[in-house]
Protein chains: 2
Amino acid sequence: MKNVSIDTITQAFLDYCGDDTDPRTMFVLQKMVEHMHAFAKETELTHAEWARGLKFLTDAGKITDDERNEFVLISDVTGMSSLVDMIGSQHGGTSSSVLGPFHSVGAPLLPVGGDLKKDNDGTTVVIEGHVRDIDGNPVEGAVIELWQTAENGLYYSQDGGQDDFNLCCSMKTGPDGRYAMTTVKPAPYKVPDDGPVGELFRATGRTPWRPSHLHFIVQADGLKSLVTEVFANGDPYLDKDAVFGVRSDLIMDYVETSDLDALPDDLEVGRDVTLPYYKVDFDFTLVSEPN
Amino acid sequence: MKNVSIDTITQAFLDYCGDDTDPRTMFVLQKMVEHMHAFAKETELTHAEWARGLKFLTDAGKITDDERNEFVLISDVTGMSSLVDMIGSQHGGTSSSVLGPFHSVGAPLLPVGGDLKKDNDGTTVVIEGHVRDIDGNPVEGAVIELWQTAENGLYYSQDGGQDDFNLCCSMKTGPDGRYAMTTVKPAPYKVPDDGPVGELFRATGRTPWRPSHLHFIVQADGLKSLVTEVFANGDPYLDKDAVFGVRSDLIMDYVETSDLDALPDDLEVGRDVTLPYYKVDFDFTLVSEPN
C-alpha cells in the first residue's frame, strides 16, 4: 500500500499476509492487530508513551532469565493468564486457576495419607478430599500434584535453604478417589516487584501480594486436567490477589482444631501433628474431555 | 474481588488501581487492558496459543541488546510505530514516517551543497530542496539530518567496513531555506528476520524488505519537528514496506540525467559526479508547533 493512513493501516497489515497463512493464526493476528491499533487510536497514544511501553517490554526482557519470566508475570498481573484460564475451563467442575511459574515436574510420589510437612516449620495442615467426575463417581488412579510455599513465603526453587521438591508431591488416588496428606499452612507472598511489573504496581497503587494458597494439578484418564489453587478463607489478600486467581469455590476454611480423633486413620505422621492444627477438606470435580 | 470471572476481570483490574493514579496513565492502562481482554475473549484464546505469544515476547527479549531491539521491530512490523507517528502528525505539512533504529546523534555538519558521497560506491544522487513553513515562507536555520544505507543495504552502524557516520550528516539552511548535497542511491534492505519477527514473517508469507529510502529529521525554532523518509518511485517494495512507512507525498522521482548543467552551482563535488546521475528535488513543509 503506497499511502498508508490511520484509517487503512489495519487493512494494510491484513493485506500483507499471504493467502495460505494458517486460518487460525491469521484470525488471532487479525484480532491482535485490530485491538492494538484501536488502543493507539482511542488513546491518541503519543510517541513518548509508546516509547515508554516499548521500554517496559525491553526492561522485562532484560530481567527475564531461566528462573524468572517477567512476561509471564505481566500476563498474570494484567489478568490475561487468569482470563485465558477461565476461557479454557469447562463449566460444571472445580474452577481452574493460574498455574504460576513455580510448578516443577518430577515431584516425589507420596502414598495417600503421606507426610509432606517433614521438618518444615509452621502450623500443621491436614488436607483430604476426593476426586470425582461430574456425576459424583470417585475417580480411581487420578494423579494429584501439590506445590506450595514454606512458612517464609518462598517455594523451594526460590530458596537455597529448602531441599529440592520441599513441599511438592504427587499422589495417586485409590478406588475411593481419596487423597490425604499432612503439610503446613502456606504463607501469603509478593510476586516479584523489583522489575517493570513492580514499577507498574507503584504507579497504580496496587499491592504485589498474593493470598496464601496451595497449588494443585489433578489429572485422570479420560477427564480434563485441572490446574487450580485453593485459598484460605479470611486471608487479607483474597480481595486483591495480584494475579486475579481467586474464585469463590476455591476458598476453603482452614478449621483450627486440636481433636486428634478427626485425623484420618491412614495419616502417616499423625504423631508429628502440632496442636492445634488446621483441617482442610477439599474435593475436586473433573469434567470429561471435550470430544 | 473474591470471584473473578470472565465478565468481571476487566473491572477487577481497574478496581485494583488506586484512586490517586495519574489520570492519563490510568486511561491508557484501562484501554490497554480492555483491548487485551477483548482480544482473548473474541479469539477464545487457548493456553497453548497464549503460551506461544509469551514465548514470542521472551524470545524477543533474548535477541534484544544495545544494538538491536526486537520490541521496536515488532512495533514497526505490526504498524504500531507508523500508526503512532500518524496520530502524532499535524495535517498540512510534509507527512512524517517512522524513525527506525538507525538514527545516530552527532552526525557531522555539512555546508549546503556538501558532499556526503565521498568514496562510497553507487550511482550519485544530487538531492536538493527547500524547507518552508505552512505559508510557503523559506525557513532559515532549519537543521536537516539525513541518514541512509550504503549500496550494500547496510547503515554504517551495522557494517564494520564503513566509517563512523558514513552517509549521515546534518545541514543548516541559509536565508533561502535551501539544502543540497551529493550522496548515493540507498538500497532496499531487509529488516532483521533471524528472530521472532522473522518467524512471524514466515508464518504469514510476508516479506521483510523495505523499499529504498532516505531518512530525514528536520527541525527549526517555533516549528514542529519532522521525522520522515523519502522513497524512490518505482521501487519494487513500495507496496509492501515491512514497516508501513510509505506515504504518497514521500515518493520522489529519482530522475536519471547526464546533464551537468542541472547541477546546483554550489555543489562542492560536482567533479566527482558519476554519469548518469540521479537528481532528486524534495521540499519539506513544517507546520507550527501546537500552542
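Residues numbered from 1 in each chain as written. Chains lettered and ligands numbered in written order. Predicted model: local features only at pLDDT ≥ 70, side-chain atom pairs only at ≥ 80, totals over all residues. Heavy atoms only, no water.

If you look chain A up in an unreviewed UniProt entry, it shows as Hydroxyquinol 1,2-dioxygenase from Octadecabacter temperatus. Under the heading Cofactor (unreviewed entry), UniProt records this for chain A: "Fe(3+)". (UniProt positions renumbered as here; feature names shortened; annotations may be inferred.)

Q: I'm lost on the packing of helix H3 (residues 47-63) of chain B against helix H4 (residues 70-77) of chain B in this one. Help?
A: Pairs of packed helices are described in terms of their axes, by the angle between the two and the distance that separates them. All names here are of chain B. Between H3 and H4, the shortest axis-to-axis distance is 8 Å and the interhelical angle comes to 125 degrees. With respect to each other, H3 and H4 are oriented oblique. Between H3 and H4, the contacting residues are Phe56, Leu57, Ala60, Gly61 and Ile63 on the first element and Glu70, Phe71 and Ile74 on the second. Of the residues assigned to the contact of H3 with H4, the class counts are six nonpolar, one polar and one charged. (Axes fitted to C-alpha atoms, helices over the stretch in contact; angles between N-to-C directions. Helix = DSSP H or I, 4+ residues; strand = E, 2+ residues; numbered from the N terminus. Parallel < 35°, antiparallel > 145°, perpendicular 65-115°, else oblique. Contact = heavy atoms within 4.5 Å. Nonpolar A, V, L, I, M, F, W, Y, C, P; charged D, E, K, R; others polar.)

Q: I'm lost on the environment of Gly113 of chain B in this one. Help?
A: Residue and element names in this part refer to chain B. Along the chain, the position of Gly113 falls in the loop between strand E1 (109-110) and strand E2 (114-115). Taking relative accessible area as the criterion, Gly113 reaches 0% and is therefore assigned buried. Sequence separation of Gly113 and Val255 is 142 residues, and the distance between their C-alpha atoms is 18 Å. Once residues within four sequence positions are removed from consideration, Gly113 is found in contact with Met171, Ala180, Met181, Asp266, Leu267 and Glu268. (Buried < 20%, exposed > 50% of the residue type's maximum accessible area, 1.4 Å probe, protein only.)

Q: Teacher, can you tell me more about the pattern of salt bridges here?
A: Evaluated as defined, the whole model comprises 30 salt bridges over all chains. For the salt bridge of Glu199 of chain A with Arg52 of chain A, the shortest nitrogen-to-oxygen distance reads 2.9 Å. Of this pair, Glu199 of chain A sits in helix H6 (residues 196-204) while Arg52 of chain A is found in helix H3 (residues 47-63), placing the two residues 147 residues apart along the sequence. With relative accessibility at 35%, the residue Glu199 of chain A sits in the partly exposed group. Its relative accessible area of 38% is what places Arg52 of chain A among the partly exposed residues. Taking the shortest distance from any N to any O, the salt bridge between Glu128 of chain B and Lys279 of chain B comes out at 2.7 Å. Here Glu128 of chain B, found in strand E3 (residues 124-133), pairs with Lys279 of chain B, found in strand E13 (residues 277-281); they are 151 residues apart in sequence, far enough to count as distant. Per residue, the accessibility class of Glu128 of chain B equals that of Lys279 of chain B, and both read buried. Taken together, the salt bridges that share partners define one network made up of Glu128, Arg178, Asp266, Lys279 and Asp281 of chain A. (Salt bridge = Lys/Arg side-chain N within 4 Å of Asp/Glu carboxyl O.)

Q: When you look at the sheet that holds strand E10 (residues 226-232) of chain A in this model, what are you seeing that I'm missing?
A: Whether parallel or antiparallel, the strands of a sheet pair through hydrogen bonds between backbone atoms. All names here are of chain A. Within the open sheet, the six strands sit side by side as E1-E5-E4-E9-E10-E11. Their pairing is mixed. A strand with exactly one partner marks an edge of an open sheet, and here the two such strands are strand E1 (109-110) and strand E11 (251-252). Two elements, E1 and strand E5 (residues 168-172), share two bridges in a ladder whose sense is parallel. Its bridge partner being in E5, Leu110 is matched across the sheet by Met171. (Pairing = 2+ DSSP bridges.)

Q: I would appreciate a short explanation of the relation of the copies chain B and chain A in the present structure.
A: Between the two copies of the chain lies a relationship made up of a rotation around an axis and a movement along it. Once turned by 180 degrees and shifted 0.0 Å along the axis, chain B lies on chain A with an RMSD of 0.1 Å. Here the symmetry operator amounts to a two-fold rotation axis. When each C-alpha of chain B is compared by its distance to the rotation axis, Gly61 of chain B comes out closest, at 1.9 Å. When the interface residues of chain B are mapped onto chain A, 100% of them again lie at the interface, so the same face is used by both copies. (Least-squares fit on C-alpha atoms with pLDDT ≥ 70 in both.)

Q: What am I meant to see in H3 of chain A here?
A: Side chains of residues three or four places apart in an α-helix project in the same direction, reflecting 3.6 residues per turn. Relative to the 24 Å expected for 17 residues at 1.5 Å per residue, H3 of chain A spans 24 Å between its end C-alpha atoms, a close match to the ideal helical length. Among the residues of H3 of chain A, Trp50, Leu54, Phe56, Thr58, Asp59, Ala60 and Gly61 of chain A are the ones counted as buried. In the core, the buried residues of H3 of chain A are packed alongside helix H4 (70-77) and H6 of chain A together with H3, H4 and helix H5 (80-88) of chain B. (Expected span 1.5 Å × (residues − 1).)

Q: Can you walk me through the nonpolar core in this structure?
A: If you look at soluble globular proteins, the nonpolar side chains tend to sit buried side by side. Membership of the largest hydrophobic core comes to 68 residues, with the highest contact counts inside it found for Val77 of chain A together with Val77 of chain B. Excluding anything up to four places from it in sequence, Val77 of chain B contacts Phe13 of chain A together with Val191, Val197, Leu200, Phe201, Arg206, Ala242, Val243 and Phe244 of chain B. (Core = buried A, V, L, I, M, F, W, Y, C linked by side-chain atoms within 4.5 Å.)

Q: I tried to follow the packing of aromatic side chains on my own but got confused; where do I start?
A: Ring pairs (aromatic) are described by centroid distance and by the angle formed between their planes. All names here are of chain A. Taken as a whole and judged by the stated rule, the model has 25 aromatic pairs over all chains. Between Phe102 and Tyr155, the aromatic rings sit 4.3 Å apart at their centres with planes inclined by 15 degrees, giving stacked as the arrangement. Note that Phe102 is positioned in the loop between helix H5 (80-88) and E1 and Tyr155 in the loop between strand E4 (143-147) and E5, a separation of 53 residues in sequence. Across this residue pair, the class does not change: Phe102 and Tyr155 are buried. (Phe/Tyr/Trp six-rings, centres within 6.5 Å; stacked < 30°, edge-to-face > 60°.)

Q: How should I be thinking about the interface of chain B and chain A in this particular structure?
A: How big an interface is tends to be expressed through the accessible area that disappears when the partners come together. Of the residues lining the interface, 69 residues belong to chain B; the matching set on chain A comes to 69 residues. For the pair chain B and chain A, the two sides together bury roughly 6400 Å², of which 68% comes from carbon and sulfur. At the boundary of chain B and chain A, one finds four salt bridges. Residues Arg24 of chain A and Glu49 of chain B are paired through a salt bridge, measuring 2.7 Å at the closest nitrogen-oxygen approach. Linking chain B with chain A are 24 residue pairs in polar contact (both at pLDDT 80 or more). Taken together, the elements giving at least two residues each to the side of chain B that touches chain A come down to helix H1 (9-16), helix H2 (23-43), H3, H4, H5 and helix H6 (196-204) of chain B. Among the elements that line the side of chain B that touches chain A, the one with the most residues is H2 of chain B, at 16 residues. Tallied by class, residues from the side of chain B that touches chain A come to 35 nonpolar, 21 polar and 13 charged. (Buried area = accessible area lost by both parts, 1.4 Å probe. Polar contact = N/O pair within 3.5 Å; in protein donor to acceptor, adjacent residues only side chain to side chain.)

Q: Would you take a moment to explain the environment of Pro101 of chain B for this structure?
A: Along the chain, Pro101 of chain B falls in the loop between H5 and E1. Measuring from C-alpha to C-alpha, the distance between Pro101 of chain B and Met181 of chain B comes to 23 Å, with 80 residues separating the pair along the chain.

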